[in-house]
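Here are the chains, one letter per residue:
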Amino acid sequence: MLEEWQTSWKNGDTGRKIYNILPSVSLRPTNWIKEDVIFFSQHGHFPAYLKRFHLSDSGYCSCGGIGTALHYAAECIFTVSWHVRKPAPNFEQEWLKRVANNLVSRQKIRGIIKFISENRDLFRPP
């Protein structure tokens, strides 16, 4: 059963952002909470995500940047209290793995996601 699940996970079309962080299936639960899933899947109240699915007219944050999960984690002026160091573009996947495995970084990410959820109007495009 695990081998079949692993093959399906490895060859699947969906969940690739999570697959790049957690490439192996396991019966052991991760210690991820809702905010972790939102950030690492990049599915949430991010303007770029909402625009992609035609739920918003703009993919921009109200600060003017492109409203992605990475933008909020490393660039947005509204989330500066929780910023982590921005990765070089060619190291983004490795950076996501490291952030996912670092409790201090994950606490910052959780703070960002909670702040965005509680202040959605602040992040709407101008």
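For clarity, every value in this text was computed on a predicted model and none was experimentally measured.

The rules behind the values
Residues numbered from 1 in each chain as written. Predicted model: local features only at pLDDT ≥ 70, side-chain atom pairs only at ≥ 80, totals over all residues. Heavy atoms only, no water. Helix = DSSP H or I, 4+ residues; strand = E, 2+ residues; numbered from the N terminus. Expected span 1.5 Å × (residues − 1). Contact = heavy atoms within 4.5 Å. Polar contact = N/O pair within 3.5 Å; in protein donor to acceptor, adjacent residues only side chain to side chain. Patch = residues over 30% accessible without salt bridge, like charges linked within 9 Å, V, L, I, M, F, W, Y side chains within 5 Å. Areas by Shrake-Rupley, 256 points an atom, 1.4 Å probe, with all protein chains shown as cover. Salt bridge = Lys/Arg side-chain N within 4 Å of Asp/Glu carboxyl O. Disulfide = S-S within 2.5 Å. Buried < 20%, exposed > 50% of the residue type's maximum accessible area, 1.4 Å probe, protein only. Phe/Tyr/Trp six-rings, centres within 6.5 Å; stacked < 30°, edge-to-face > 60°.

Novice: Where do I start with helix H7 (residues 103–118) in this structure?
Specialist: Think of an α-helix as 3.6 residues a turn; residues three or four steps apart then line up on the same face. With 16 residues, H7 ought to run about 22 Å at 1.5 Å a step, and its terminal C-alpha atoms sit 22 Å apart, in line with that. Each element contacted by the buried residues of H7 is listed here: helix H3 (34–41), helix H5 (69–74) and helix H6 (92–100). Of the residues flanking the start of H7, the one acting as N-cap is Asn102, its side-chain oxygen 3.0 Å from the backbone nitrogen of Val104.

Novice: Even after reading the chapter, I still don't get a nonpolar patch on the surface, so can you show me in this structure?
Specialist: A cluster of nonpolar side chains, namely Met1, Leu2, Trp5 and Leu27, defines an oily patch on the protein surface of about 490 Å² accessible area. Topologically, Leu2 is positioned in helix H1 (residues 2–11).

Novice: How should the environment of Ile116 be read in this particular structure?
Specialist: Tracing the chain through its elements places Ile116 in helix H7. Spatially, the C-alpha atoms of Ile116 and Thr79 are 8.5 Å apart, while their sequence positions differ by 37 residues. Filtering out sequence-adjacent residues up to four positions away, Ile116 remains in contact with His45, Phe46, Tyr72 and Phe123.

Novice: Explain the state of the cysteines here, please?
Specialist: As used here, a disulfide is simply a covalent bond connecting the sulfur atoms of two cysteines. This model, assessed by the stated rule, comprises zero disulfides. Unpaired in terms of disulfides, Cys61 finds its nearest cysteine sulfur in Cys63, a separation of 3.6 Å. Judged by relative accessible area, which is 0%, Cys61 ranks as buried.

Novice: Explain the packing of aromatic side chains to me, please; I cannot follow it from the model alone.
Specialist: Ring pairs (aromatic) are described by centroid distance and by the angle formed between their planes. The full count for this structure, using the stated rule, is six aromatic pairs. A centroid spacing of 5.1 Å and a plane angle of 40° characterise the contact between Trp82 and Phe115, whose relative ring orientation is tilted. A residue pair is termed long-range when its members are at least 10 positions apart, and Trp82 in the loop between H5 and H6 and Phe115 in helix H7 qualify at 33 residues. Through a chain of ring-to-ring contacts, the aromatic side chains of Trp32, Phe39 and Phe40 assemble into a single cluster.

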